[in-house]
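Survey of secondary and tertiary structure
Below, each chain spelled out in residue letters.
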Amino acid sequence: MEKGFKMKLSKGQRGKWSLMAGILLFTLLLSACGSANNSGNTSSSTPTTNGGTNGKDCKKIGVSFPETNTSYRWDNQDKPLLINALKSALSITDSDILYNNANGSAATQQTQAESMLTQGACILVVAPADSKVASAIVDKAAAKGVPVVSYDRLIANKKVTAYVSFQGQDVGKLQGDYIAKHYQQYVKENGTTNTVLINGAQTDNNAILFKQGMHTSLDPLFNNGTLKNVYEQFTDWTGPVAQKDMQAALSRTGNKVAIAYVANDNMADSVIAALKTVHLDKKVLVTGQDAAQVAITNILNGEQAMTVYKPYSKEAQDTAKVVAAISKGDDIKSIATDTSTEPTSGASVPSILEAPIAVDITNVKDTIIKDNFYTKDQVCKGVPAGAGGVC
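First things first, this report covers the structure right here in the doc. As the structure is a prediction and not an experimental result, all values here were calculated from the model.

**Quick notes on the sheet that holds strand β6 (residues 194-201)**
The sheet built from 4 strands is open, its strands ordered β7-β6-β8-β9 with parallel pairing. Two strands bound the open sheet, and with one partner strand each, they are β7 (228-235) and β9 (285-286).

**Notes on helix α8 (residues 265-276)**
For an α-helix, the turn length of 3.6 residues means that residues three or four places apart are oriented alike. Over its 12 residues, α8 runs 16 Å from end to end, which matches the ideal 16 Å to within 8%, given 1.5 Å per residue. Inspection of α8 places D265, M267, A268, S270, V271, I272, A274 and L275 among the buried residues, and these make up the whole buried set. For α8, the N-terminal cap is N264; the gap from its side-chain oxygen to the backbone nitrogen of N266 is 3.4 Å.

**Re the nonpolar core**
Counting 44 residues, the largest nonpolar core has I179, V196, L227, M246, V271, L275 and V286 as its most contacted members. Mapped by element, the contributors of at least two residues to this core are α5 (168-190), β6, α6 (205-223), β7, α7 (239-253), β8 (259-262), α8 and β9. Setting aside its immediate chain neighbours within four residues, V286 contacts A260, V262, A268, I272, L275, E303, Q304, A305 and M306.

**Some words on the sheet that holds strand β1 (residues 61-65)**
Judged by pairing direction, the sheet is mixed, and its 7 strands sit side by side in the order β2-β1-β3-β4-β5-β12-β11 without closing on themselves. Every other strand in the sheet has two partners, leaving β2 (97-101) and β11 (338-341) as the edge strands with one partner each. Neighbour to neighbour, the strand axes of the sheet diverge by 25° on average, direction disregarded. Of the pairings in the sheet, the one linking β1 to β2 comprises 5 bridges and is parallel in character. In the strand pairing of β2, S64 is matched with N100.

**A few points about the pairing of β6**
With 8 of 8 residues buried, β6 lies mostly within the body of the structure. Alignment of β6 against β7, held across 6 bridges, turns out to be parallel. Of the residues in β7, the one forming a bridge with V196 is Y231. With α6 bridging β6 and the parallel β7, this β-α-β connection has right-handed handedness.

**Describing the packing of α7 against α8**
For the pair α7 and α8, the least separation of the axes is 8 Å and the interaxial angle reads 40°. What the angle tells us is that α7 and α8 run oblique. For the pair α7 and α8, the crossing hand works out as right-handed. Of the residues in α8, those in contact with G239, P240, A242, Q243, M246, Q247 and L250 of α7 are N266, M267, S270, V271, A273, A274 and L275.

Cut-off values and rules
- Residues numbered from 1 in each chain as written.
- Predicted model: local features only at pLDDT ≥ 70, side-chain atom pairs only at ≥ 80, totals over all residues.
- Heavy atoms only, no water.
- Pairing = 2+ DSSP bridges.
- Helix = DSSP H or I, 4+ residues; strand = E, 2+ residues; numbered from the N terminus.
- Expected span 1.5 Å × (residues − 1).
- Buried < 20%, exposed > 50% of the residue type's maximum accessible area, 1.4 Å probe, protein only.
- Polar contact = N/O pair within 3.5 Å; in protein donor to acceptor, adjacent residues only side chain to side chain.
- Core = buried A, V, L, I, M, F, W, Y, C linked by side-chain atoms within 4.5 Å.
- Contact = heavy atoms within 4.5 Å.
- Axes fitted to C-alpha atoms, helices over the stretch in contact; angles between N-to-C directions.
- Right-handed = clockwise from strand over helix to strand, strands pointing away.
- Parallel < 35°, antiparallel > 145°, perpendicular 65-115°, else oblique.
- Left-handed = near helix turned anticlockwise from the far one by under 90°.

Take a look at the structure:
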């Protein structure tokens, strides 16, 4: 009896130990699964996206623009045009679009882009403050399966999904062609062939393209001595820097300048201010770009010779078309009308590139006013009656 009792007790102990071991193993496995799923994140910090990997079915769009201080366009024209186009193309509302402006800081733009990804943006539209620095935005987005559409300025990263802008070299060529066609009267009036070239920011791929296009037109004139390149400098796209460059060029030449190629209108306005201090305003051929309101007024007043008009509505509409195609899972190459070469890798990026338009006093009425880009009242303040058939 005693031996039998001990035998039964031993079997009972083995059963209890087996049960306890099973419970312990189950607990450890459950804990391990929980750790693997959390990966250091709590459920409250995990973003909820409105779309799948690679933008399929995406309904939450992040838009990042570069700055406000060097061009009127970004917040006042591109922003409303693009947001309205996205809402229409994707049937979404304002709350589905995350918008940020980096105010000229590449670091701020990167932080803003990361925040939009955390908030669940499943497609990003980015106009880079710095084309090379913004490459990190593309890498972080790609790691999350989020496509990036490069807007207006090409980001230096081969992973960019698509690019929508204007023909960059054509912008510079339009400016250069205008100088090549009209330089004679300014050379004669000023008694010099001295030409000043004030480019945009070297961190902006567009500025490189504009410069290339401009030199295509002007290098033959420089090489044969018709015009003389006495000063050329990249800037940061701001008026104060452009004004200092113009002052430096005037100092170098003893105020003997006939032509000032200036890459955009904001800088051109500051160049005109520098020319006024030495009584050369309305005497020097000054170019620009962007068709800023102040530029149109300056053109009608005779202080700026020309600008380049880029219909941003087309750029916005085509960007929305690209984003909608990504959301539908369509092949971007089916709607891309061109390709662009990503500068660091040489990769081809599917692109839609709009045609820019040269504008001077002869066609302000048939372009800027006709398209309702600005009204007569906006551009005619302080302008003589009848100027350009507009005022």
